[in-house]
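Report on the structure
What follows is the residue order along each chain.
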Amino acid sequence: MPDQPSLGVLLFLPYRHLEDRVLAAVHAAGHPITLAQARVFARVDAGGSRLTRLARSAQVTKQTAGYLVDQLEEQGYLERTPDPVDARARLVRITAKGLEVIAVAVPVQAAVEAEWAERLGPRGTTQLREALLALRELTDPYAAPTSSSNPRARLRRHHARSR
């Protein structure tokens, strides 16, 4: 259908909307984080992440990720600490100030997702989540492998992990 956007664009538009809403709330709360910084910040694991993994998951060079982490570290949102597994390596971790950003972002994300769920209805929301989880198996190199191809089983595991 030449008059319709591609699936890629249709997947990107809601994500961009969510990202814009979250970043606007973060800015309104007094945290001047840029979009590029936010994209790296959002990929820091709870226990910390190595810079190379952040760069790969944010799809930027290691130098770019390092530059953005440097900025976020200067602003007090991230810190570098020794990796307990490898003394030669460093982990990027979220600071208390960084947790303030997360505390602003999480409710905004939940509100946007609630708006989407209201628009799609319960069945449509479940179908969308199942379809996206199925696509994740093909597209997300950082997702944990699943033992089942059953979308409902994957959905149950996802909800169990997020509790």
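Structure: see above.
Let us look at the structure shown here.

Thresholds applied
- Residues numbered from 1 in each chain as written.
- Predicted model: local features only at pLDDT ≥ 70, side-chain atom pairs only at ≥ 80, totals over all residues.
- Heavy atoms only, no water.
- Helix = DSSP H or I, 4+ residues; strand = E, 2+ residues; numbered from the N terminus.
- Buried < 20%, exposed > 50% of the residue type's maximum accessible area, 1.4 Å probe, protein only.
- Contact = heavy atoms within 4.5 Å.
- Areas by Shrake-Rupley, 256 points an atom, 1.4 Å probe, with all protein chains shown as cover.
- Salt bridge = Lys/Arg side-chain N within 4 Å of Asp/Glu carboxyl O.
- Expected span 1.5 Å × (residues − 1).
- Bend = angle between axes of the 7 residues up to and from the residue.
- Axes fitted to C-alpha atoms, helices over the stretch in contact; angles between N-to-C directions.
- Parallel < 35°, antiparallel > 145°, perpendicular 65-115°, else oblique.
- Nonpolar A, V, L, I, M, F, W, Y, C, P; charged D, E, K, R; others polar.
- Left-handed = near helix turned anticlockwise from the far one by under 90°.

As a further point, take the overall build of the protein. Check the secondary structure of the protein and you find six helices and two strands. Helices (α) and strands (β) of the protein occur, in sequence order from the N terminus, as α-α-α-α-β-β-α-α. Expressed as a percentage of the 163 residues in the protein, the buried residues total 28%. Sequence separation of at least 24 residues holds for 46% of the intrachain contacts in the protein that already meet a minimum separation of 6. For the protein, the exposed surface amounts to about 11000 Å²; the carbon and sulfur share of it is 58%.

Side-chain pairing between opposite charges can occur once the charged atoms of the two side chains come close. Applying the stated criterion to the full structure yields nine salt bridges. Among the salt bridges present, the one from arginine 136 reaches aspartate 140, with a minimum N-O distance of 2.8 Å.

This part takes up the side chain of threonine 95. Tracing the sequence through the fold places threonine 95 in the loop between strand S2 (90-94) and helix H5 (96-139). Setting aside residues up to four positions removed in sequence, threonine 95 forms contacts with Gly76, Tyr77, Leu78 and Glu79.

A few words on H5. Helix length check: H5, at 44 residues, gives a terminal C-alpha distance of 32 Å against a target of 64 Å (1.5 Å per residue), a shortfall beyond 12%. Glycine 121 marks where H5 bends most, by close to 115 degrees; the proline proline 122 follows one to four residues later. Every buried residue of H5 is listed here: Gly98, Val101, Ala105, Val108, Val112, Gly121, Gly124, Glu130 and Leu133.

Another point: the packing of helix H3 (residues 51-58) against helix H4 (residues 62-74). With their axes 8 Å apart at the nearest point, H3 and H4 run at an angle of 105 degrees to one another. The angle between H3 and H4 falls in the class roughly perpendicular. Residues Leu51, Thr52, Leu54 and Ala55 of H3 lie in contact with H4, whose contacting residues are Lys62, Ala65, Gly66 and Val69. Each residue belonging to the contact of H3 with H4 can be placed in one class, and the counts come to five nonpolar, two polar and one charged.

Each pair of packed helices can be summarised by the angle the axes make with each other and by the distance between the axes. Running from N to C, helix H1 (residues 7-28) and H5 point in directions that differ by 155 degrees, and their axes come no closer than 7 Å. Comparing the axis directions of H1 and H5 gives the class roughly antiparallel. As H1 packs across H5, the resulting crossing turns out to be right-handed. When H1 is examined against H5, the residues Leu11, Pro14, His17, Leu18, Arg21, Val22, Ala25 and Val26 are found in contact with a partner set consisting of Val101, Val104, Ala105, Val108, Gln109, Val112, Glu115, Trp116 and Leu132. Per-class residue counts for the contact of H1 with H5 are 13 nonpolar, two polar and two charged.

A separate point is unusual backbone geometry. The backbone phi angle of glutamine 59 is positive, close to 60 degrees, even though this residue is not glycine. Relative to the assigned elements, glutamine 59 resides in the loop between H3 and H4. With relative accessibility at 74%, the residue glutamine 59 sits in the exposed group.

Along an α-helix, residues three or four apart share an orientation, since each turn contains 3.6 residues. Buried within H3 are the following residues: Leu51, Leu54, Ala55, Ser57 and Ala58. Taken together, the buried residues of H3 touch helix H2 (35-41), H4 and S2. Phi for glutamine 59, located one or two positions after H3, is positive at around 60 degrees.

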